[in-house]
Amino acid sequence: MANDLQRDLGLYTIVMISMGAMIGSGIFVLPALGLKKAGPAVVFAYVLAGLVVLPAALSKAEMATAMPESGGTYLYIDRAMGPLFGTVAGIGAWFSLVFKSSFALVGLGAYLLLFVNIPSGAITFVALGLAALIVALNIVGTEQSGQAQAVVVTVVVVALVAYVVNGAFVLETERFQPLVTHGSGGVVTAAAFVFVSYAGVTKIASVAEEVENPGRNLPLAMLGSMGIMMVVYAAVVATVVGLNDPTLLTTSGPNGGVSLTPMADGAGSLFAGSGVFLISLIAVLALTSMANAGVLASSRFPLAMSRDSLLPARFKRISPRFKTPQNAILLTGSLLLVLIAFVPVVELAKLASAFQILVFSIMHLALAAFRESDADFYQPEFTAPGYPVVQIVGVLGGVVLLTQMGLLPILGAIGMIVGGIGWYVIYGRPRTDRVGALSVLLSGREDEIDESDVEPSDPPG
Amino acid sequence: MTHRILIPFELPDARPVSRLLIDSLAPMDIVLLGHYGLPEQTPPEAAREEFEDEAQQELDGLAADFTEAGIDVTTRLVFGKDRGKAIDAVADEAGCDAELRPAPTGSIDRVLVPLLDTENLDRLADFVRVLIGESGTEVTLFHVVDAAAETAESEAMLAAARDEMIANGFDAEAVDVAVVEADNRSEAILAQAEAYDAVVIDESHPTVVERIVGELPEMIAQRAVAPVIVVRQLD
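Cut-offs and rules
Residues numbered from 1 in each chain as written. Chains lettered and ligands numbered in written order. Predicted model: local features only at pLDDT ≥ 70, side-chain atom pairs only at ≥ 80, totals over all residues. Heavy atoms only, no water. Helix = DSSP H or I, 4+ residues; strand = E, 2+ residues; numbered from the N terminus. Rg over C-alpha atoms; globule rule 2.2 N^0.38 Å. Buried < 20%, exposed > 50% of the residue type's maximum accessible area, 1.4 Å probe, protein only. Contact = heavy atoms within 4.5 Å. Areas by Shrake-Rupley, 256 points an atom, 1.4 Å probe, with all protein chains shown as cover. Lys, Arg positive; Asp, Glu negative; His and termini not counted. Charge placed at Lys NZ, Arg CZ, Asp CG, Glu CD. Domains from an automatic or database assignment. Buried area = accessible area lost by both parts, 1.4 Å probe. Salt bridge = Lys/Arg side-chain N within 4 Å of Asp/Glu carboxyl O. Polar contact = N/O pair within 3.5 Å; in protein donor to acceptor, adjacent residues only side chain to side chain. Nonpolar A, V, L, I, M, F, W, Y, C, P; charged D, E, K, R; others polar. Pairing = 2+ DSSP bridges. Axes fitted to C-alpha atoms, helices over the stretch in contact; angles between N-to-C directions. Parallel < 35°, antiparallel > 145°, perpendicular 65-115°, else oblique. Left-handed = near helix turned anticlockwise from the far one by under 90°. Expected span 1.5 Å × (residues − 1). Arc of directions from axis to C-beta. Core = buried A, V, L, I, M, F, W, Y, C linked by side-chain atoms within 4.5 Å. Phe/Tyr/Trp six-rings, centres within 6.5 Å; stacked < 30°, edge-to-face > 60°. Lys NZ or Arg CZ within 6 Å of the ring centre and 35° of its normal.

(A) The arrangement of the overall build of chain A in detail. Looking only at helices and strands, chain A has 20 helices and zero strands in total. A compact globule built from 461 residues should have a C-alpha radius of gyration of about 23 Å, and chain A, at 22 Å, falls within 12% of that. Within chain A, the proportion of its 461 residues that are buried is 57%. Here the contacts in chain A between residues at least 6 apart in sequence split such that 83% fall between residues at least 24 apart. When the accessible area of chain A is evaluated, it comes to approximately 17600 Å², of which 66% is carbon and sulfur surface. Of the charged side chains in chain A, 22 are positive and 28 negative, and the gap between their average positions amounts to 10 Å.

(B) View of the domain arrangement of chain B. All names here are of chain B. Here the domain parsing of chain B yields domain 1 (4-96) and domain 2 (110-231). Once you take the C-alpha centre of each, domain 1 and domain 2 turn out to be 26 Å apart. Listed as interface residues are eight residues of domain 1 and, on the opposing side, seven residues of domain 2. Regarding the contact of domain 1 and domain 2, the summed buried area is about 560 Å², with carbon and sulfur atoms giving 73% of it. The largest share of the area that domain 1 buries against domain 2 comes from L21, S24 and M28, three residues that together contribute 53% of it. Along the contact surface separating domain 1 from domain 2 lie one salt bridge. In this structure, E218 and R83 form a salt bridge, with 3.2 Å as the shortest nitrogen-oxygen distance. On the surface where domain 1 and domain 2 come into contact, there are one residue pair in polar contact (both at pLDDT 80 or more). At the level of secondary structure, the elements contributing two or more residues to the side of domain 1 that touches domain 2 comprise helix 1 (19-25) and helix 3 (83-94).

(C) Inspection of the interface of chain B and chain A at higher detail. Listed by partner, the interface residues are 28 residues for chain B and 31 residues for chain A. Where chain B abuts chain A, roughly 2500 Å² becomes buried across the two surfaces, and 50% of that area is made up of carbon and sulfur atoms. Among the residues of chain B in contact with chain A, E40, Q41 and E45 of chain B are the three that bury the most area, contributing 29% of the side total. Put simply, chain B and chain A have two salt bridges between them. Linking E49 of chain B and K316 of chain A is a salt bridge whose minimum nitrogen-to-oxygen distance equals 3.4 Å. Taken together, chain B and chain A are joined by 10 residue pairs in polar contact (both at pLDDT 80 or more). The class makeup of the residues in the side of chain B that touches chain A is 14 nonpolar, three polar and 11 charged.

(D) Structural detail: the pairing of strand 4 (residues 98-101) of chain B. Residue and element names in this part refer to chain B. Judged by which residues are buried, strand 4 turns out to be covered on both faces: A98 and L100 on one side and E99 and R101 on the other are all buried. Pairing analysis gives two bridges linking strand 1 (residues 4-11) to strand 4, with the strands arranged parallel. In the sheet register, I5 faces strand 4, and the bridge partner there is A98. Of the strand pairs in this sheet, strand 4 and strand 9 (residues 228-231) are connected by four bridges, and their pairing is antiparallel.

(E) Local environment of the packing of helix 1 (residues 11-22) of chain A against helix 10 (residues 214-243) of chain A. Residue and element names in this part refer to chain A. Their axes nearest at 9 Å, the elements helix 1 and helix 10 cross at an angle of 45°. Relative to helix 10, the element helix 1 is oriented oblique. Handedness of the helix 1/helix 10 crossing: right-handed. Along its contact with helix 1, which presents L11, I14, V15, S18, M19 and M22, the element helix 10 presents N217, L220, A221, S225, M226, I228, M229 and Y233. Here the residues of the contact of helix 1 with helix 10 sort into 11 nonpolar, three polar and no charged.

(F) Up close: the environment of A110 of chain A. Residues and elements named next belong to chain A. Mapped onto the secondary structure, A110 falls in helix 5 (residues 72-113). Note on A110: relative accessible area 8%, which makes it buried. Separated by 178 residues in sequence, A110 and T288 place their C-alpha atoms 12 Å apart. Each residue touching A110, except ones within four places of it in the same chain, is listed here: I123, L260 and T261.

(G) Structural detail: helix 5 (residues 151-167) of chain B. Residue and element names in this part refer to chain B. In a regular helix each residue adds 1.5 Å, so 17 residues correspond to 24 Å; helix 5 covers 24 Å between its end C-alpha atoms and thus fits that length. Among the residues of helix 5, those classed as buried are S154, L158, A161 and M165. The arc enclosing the buried residues of helix 5, seen along the axis, measures out at 60°, which places them on a common side. More than 90 degrees from the buried face of helix 5, the exposed residues found are A152, E153 and A167. Downstream of helix 5 by one or two residues, G169 has phi in the positive range, about 110°.

(H) Quick peek at the nonpolar core. By size, the foremost hydrophobic cluster in this structure holds 157 residues, and its most contacted members are F28, M63, L105, Y163, Y198, V236 and M263 of chain A. For this core, the leading source of residues is helix 5 of chain A, giving 22 residues. If sequence neighbours within four positions are ignored, F28 of chain A has contacts with I23, Y111, V156, L160, L260, T261, P262, M263, I282, A283, A286 and L287 of chain A. In terms of nonpolar packing, the next biggest core, distinct from the first, is built from 53 residues, I7, Y36, L124 and M165 of chain B among them.

(I) Local environment of the packing of aromatic side chains. All names here are of chain A. This model, assessed by the stated rule, comprises 14 aromatic pairs over all chains. Measuring from centroid to centroid gives 5.0 Å for W423 and Y427, while their planes differ by 15°, and the two rings are stacked. Here the residue W423 and the residue Y427 both occupy positions in helix 18 (residues 407-428), the gap between them amounting to four residues, near one helical turn. Look at W423 and you get partly exposed, because its relative accessible area is 31%. Its relative accessible area of 16% is what places Y427 among the buried residues. Ring pairs connect the aromatic residues W94, F95, F99 and F355, which therefore count as one cluster. For R371, the ring lying beneath its charged end belongs to Y387, and the centroid distance is 4.5 Å.

Have a look at this one:
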């Protein structure tokens, strides 16, 4: 039986959901890092990054309206390209999202420290404490509150606009000279780093089945929310650049690294002197909400993979006491704590971006596999415009960004692929006989595609 | 026309409906909805896989209470995060024209009918008739005004409504009217409901405040401990 979801989300609501998922570490933590890579031209990096994410959002939305089951990216790729790609993408997407959450938490710790006078070395411990708290909250379970989310988004956006308007009177225009310090390559590199600032737009896909008139509202909401955020990001980052001494931004962080609180750094002269306090408060609000959403969303990956027999069955178990997927959340929380404790944060941002780019690229291929194989069960209510050009641009854009990130993220992406294949060969393959739409396509188009070949082995919910 | 009423239960460990209330509902078609509430962390299909059997068992147990009273019921089981949404969706799908908010009750001797206007009076009266059956139950038509100046107009509306009900077969002795002046309609209805055994009310679209503090019928059922029949709007 269906879960009786009604299509009652309008354009405004989904734009808010999307913006809420985007606003976070990308704007509150990453501008200083981007400045270091690209100089004041980091402003363009934020626009470029948005353009690269857009195709992924369109592809994901189409698949979401064809498979209204939670599991997201993992599920689409698994059903399109089989459990091998599913395993790689599932683990990659999971890592990426947990990385992103850990980065948000470290940024959150840094902003919190602006309120109290604690040495910056304590950031890790503050972040660990916050992470433990958020994991515990998720295990106990929280009520869904769309209203609270909308309020947070509105408050944050209003604060960002106020920051820009107020900052425009104070900022020093000569700080934009020279505009480009690291060439166009620097802008692309910076775009690769701040890329995660837009990944939230794909959150729209997770509510796609509840959107009224999806054929019109899904693309409009994606284009609309990304358009708004590109303008907001560009304006905010320009203000950050204009308000701060670049040397301060790139050296005032922990251990002489880039600042993790760039929005607060130059805010002392804003809002009648209370700028640092107000901006930090907003940052804490936005980053907490992002870290929480990240833990919630990333725990869906082990859960969905466990339901498909790609992970041990214990990760799909729902706690009778809390009614939450306790083990999947614990696994996710453990990775989160380990990352915060042992991995330097700047590397986190790179790896999160690299895995995300990888997953987005596979997702475009998944869409192509569905379209070309003509599988019976693939009946999307929303058809992404511009196929296949948009998907090709998405994959190529991703590859270009990936090559600009340095050796470590590339090795990380390769490691992720090898690790995913290894896990599938050792654990997954003996336990599943699912094949994706792709292998049906490759095995000869003259065969009628049978739905049972591509559906999961367990009955759909 | 036979009415069809939806009775929602919050699983697991739902509170059964009292036999007395079951008997009063007997003339209607009854749809039982088992709603298994989930936190936002849990995808419904994963919870269904895990808890469906025991939830269905519990729902069947609740349905057995009705079967024993000689009433046929249909059951629906939903796993979800938004109870109000699930209730509305199932009510739509199953063609229910009313929803029950159950509450413990003894015999139903006094029924409160808060009115905004008389548009839906026929249907409200129908449900009142079902509830009171042949017994000499007392029915109060109730209206809240914000200003004393509106009292006369309000009394006239209620008097007309009362006449109409009497013309349709209600005992003149049994139907009375009450007008109260208050700033907060919900609070006034809640206070009035304390003295009644059941409430029949029009569905209204919840205000922002209601969304946060809880919807009126739910609050009546809990605070005034009176079962509420919410008569749905027909589009």
